[in-house]
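Listed below are the residues making up each chain.
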Amino acid sequence: MNKNYPQQLIVLLILLVCTVQISSATDGYFSIGYGTKSKGMAGAGVALFSNSLIGGNPAGNVFLGKQISFGVGAFAPMREYTISANTEGQPGIFPLTEGTVKSDKPVFFIPSIGGNWMINKTSAVGFSIYGNGGMNTSYPTKTFNNPQAPVTSPTGINLSQLFSEITYSMKLGKNHSFGISAIGAFQMFEANGLQAFMGMSSDPLKLTDNGVDYSYGYGAKIGYLGKITRELSIGVKYQSEIFMTKFKEYAGLFAEQGAFNIPSNITVGLAYQFSREFTLALDAKQIRYTDVKSVSNPLTLDAPLGDDSGPGFAWGNQLVFKLGMEYTPYRSDWTYRAGVSHAMQQFPENQLMFNILAPGVSQNHVAAGFTRKLSKKGNGINLSAMYSPATSLSGPNSMYTAQTIELKMSQFELELGYTF
């Protein structure tokens, strides 16, 4: 099997790039976790080196040894919005058609792959490629219809993101390590059915229905992992803002003439090994959506769409808390995982109109998974499942307060992986 590594990797990489298709993720528009093992703990485990290979803490790779892992997840988000009358509000300039509309495209497939090799006993180099997250809606209706600017297509957007990382990690003594990753990012975006906003755009011809546009960028990630006592470990991971080229075909939609960088985030966590079999992990993560004006600017009439101060989704910085456990019975080939995650709501109730396009209201997630070891060399099958119960958020139509908008979402994900 080892002799076929290069051929296997080439095939997997081609499949990965060709099948990337991502919908609204879970921590805002970030994935709940990266790699099947991490997702089985609801993304917890920045202080566990076993979860570091794919998009994890780069400091953990040096403890992995030689390892390659890949997985494919089936992600099913159920998105819908409801427009209803609000007798306490006042008419405005932008009424919406009342009723409930559910988004199409209920299932998306998200691949990932990672590999790690030891340079010597104290350092390692690795790589990973994975779907970071994104936003998707495909409503079978003309949501923002306006007689003065007739909508010519159903409403929806699709943002897909793919990350690639090259990682170097090294030990700092016996119980501590440091890692750094160079990150390359790729984005695809398309918007349809937004003709009603042409009068609010700085470039109406670069607002909607311009097909798929592409964006490329770079960033970095650093991490630390340390064993403080025999039982207690601490992990820290910081990912910089990812600087992306602009979506030129949507320069009249996103602030700063089509700019859509990927926000920075930081995660700190603890892992406590209660026994040889049982470990508990607790993480706290902050995603700094305020890094990106096209995401964090509120929807107002003070500046046109596409302007430096143009309207966005009004997303603020988001805190996410994760608790996960890992249990390996003594002398067993099985490892069991479970976790819960809670994310704070990232946008206010009076900013729901634009967020019909990206109803990322999910806050609570439960997950479980396992690894079945197949050989002494570390080959194994990984499985994870995640469920997010229906969450809704209601508020006034900010441009026609005689209406109320309710956004609702639930999610399910099942991922299968293999490590060799």
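For the structure, check the block above.
As a starting point, this report considers the structure included with it. What you are looking at is a predicted structure, and each value in this text was computed from that prediction instead of being measured.

A tally of regular secondary structure across the protein gives four helices and 16 strands. The C-alpha atoms of the protein give 22 Å as radius of gyration, which agrees with the globular expectation for 420 residues (22 Å, within 12%). Expressed as a percentage of the 420 residues in the protein, the buried residues total 55%. The contacts of the protein with a sequence gap of at least 6 include a subset with a gap of at least 24, amounting to 71%. Entry remark: accessible area of the protein is about 17300 Å², with carbon and sulfur atoms responsible for 60%. Computing the positive centroid from 30 side-chain charges and the negative centroid from 26, the protein places the two 18 Å apart.

The subject of this paragraph is the layout of surface pockets. Its volume calculated, the largest pocket comes out at about 1100 Å³. Surrounding the largest pocket, 43 residues form its lining, Leu48, Phe49, Ser50, Glu326 and Thr328 being those nearest its centre. Contributing elements (two or more residues each) for the lining of the largest pocket: strand E6 (176-192), strand E7 (213-227), strand E10 (265-273), strand E12 (318-327), strand E13 (334-343) and strand E14 (364-373). Tallied by class, residues from the lining of the largest pocket come to 13 nonpolar, 16 polar and 14 charged.

The tally for this structure, following the rule as stated, stands at nine salt bridges. The partner of Lys285 in a salt bridge is Asp27, with the nearest N and O atoms 3.9 Å apart. Pair noted here: Lys285 is in strand E11 (residues 278-287) and Asp27 is in the loop between helix H1 (5-19) and helix H2 (36-39), with a separation of 258 residues, a long-range link. Each member of the pair, Lys285 together with Asp27, is buried. The salt bridge involving Asp291 is made with Arg288; its shortest N-O contact spans 3.8 Å. Judged by its relative accessible area of 26%, Asp291 falls in the partly exposed class. Via salt bridges that share partners, Asp27, Lys285 and Lys322 belong to a single interconnected network.

A word on the packing of aromatic side chains. Tallied over the full model, the rule gives 33 aromatic pairs. Residues Tyr81 and Tyr139 carry aromatic rings whose centres are separated by 4.8 Å and whose planes lie at 85° to one another, so their mutual orientation is edge-to-face. Here Tyr81 is found in strand E1 (residues 67-85), whereas its partner Tyr139 is found in strand E4 (residues 123-139), with 58 residues between them in sequence. Like Tyr139, Tyr81 is buried.

Relative to the helices and strands, Thr208 is located in the loop between E6 and E7. From its side chain, Thr208 meets the backbone nitrogen of Gly193 in a polar contact 3.3 Å long. Thr208 has contacts with Ala191, Asn192, Gly193, Leu194, Gln195 and Tyr250, leaving out every residue within four places of it along the chain.

Another point: empty space enclosed by the protein. According to the stated counting rule, one finds six cavities of 30 Å³ or more in the structure shown. What the largest cavity holds in volume is close to 190 Å³. Residue composition of the lining of the largest cavity, by class: five nonpolar, 10 polar and four charged. Along the wall of the second largest cavity there are 17 residues; nearest its centre are Gly35, Thr36, Lys37, Ile54 and Ser69. For the lining of the second largest cavity, the secondary structure elements donating two or more residues are H2 and E1. No other element matches the four residues that E1 contributes to the lining of the second largest cavity. Among the residues making up the lining of the second largest cavity, the classes are represented as four nonpolar, 12 polar and one charged.

On to unusual backbone geometry, then. Positive phi, normally seen in glycine, also occurs at Gln257, with a value near 60°. On the secondary structure map, Gln257 appears in helix H3 (residues 255-258). Classification of Gln257 as partly exposed rests on a relative accessible area of 35%. A positive phi angle, near 65°, is found at Ala314, a position not held by glycine.

Within the element layout of this structure, Gln346 appears in the loop between E13 and E14. According to the relative accessible area criterion, Gln346 is buried, its value standing at 4%. A polar contact of 3.0 Å, which involves the side chain of Gln346, links it to the backbone oxygen of Gly360. Other than its neighbours up to four places away in sequence, Gln346 contacts Gly28, Ala314, Trp315, Gly316, Gln318 and Gly360.

Right, let's talk about a nonpolar patch on the surface for a bit. A cluster of nonpolar side chains, contributed by Ile119, Val125, Ile166, Tyr168, Met170, Leu172, Phe178, Ile180, Ile222, Tyr238, Ile266 and Val268, occupies part of the molecular surface with about 960 Å² of accessible area. Those elements that provide at least two residues to the nonpolar patch are strand E5 (155-171), E6 and E10. Tallying contributions element by element places E5 first for the nonpolar patch, with three residues. Note on placement: Ile180 falls in strand E6. Here Ile180 falls in the partly exposed class, since its relative accessible area comes to 37%.

Rules and cut-offs
Residues numbered from 1 in each chain as written. Predicted model: local features only at pLDDT ≥ 70, side-chain atom pairs only at ≥ 80, totals over all residues. Heavy atoms only, no water. Helix = DSSP H or I, 4+ residues; strand = E, 2+ residues; numbered from the N terminus. Rg over C-alpha atoms; globule rule 2.2 N^0.38 Å. Buried < 20%, exposed > 50% of the residue type's maximum accessible area, 1.4 Å probe, protein only. Contact = heavy atoms within 4.5 Å. Areas by Shrake-Rupley, 256 points an atom, 1.4 Å probe, with all protein chains shown as cover. Lys, Arg positive; Asp, Glu negative; His and termini not counted. Charge placed at Lys NZ, Arg CZ, Asp CG, Glu CD. 1 Å grid on protein atoms, 1.4 Å probe; cavity = no way out; pocket = protein on both sides within 12 Å on 5 of 7 lines; lining within 4 Å. Points joined across faces, edges and corners; volume = space filled by probe spheres on them. Nonpolar A, V, L, I, M, F, W, Y, C, P; charged D, E, K, R; others polar. Salt bridge = Lys/Arg side-chain N within 4 Å of Asp/Glu carboxyl O. Phe/Tyr/Trp six-rings, centres within 6.5 Å; stacked < 30°, edge-to-face > 60°. Polar contact = N/O pair within 3.5 Å; in protein donor to acceptor, adjacent residues only side chain to side chain. Patch = residues over 30% accessible without salt bridge, like charges linked within 9 Å, V, L, I, M, F, W, Y side chains within 5 Å.

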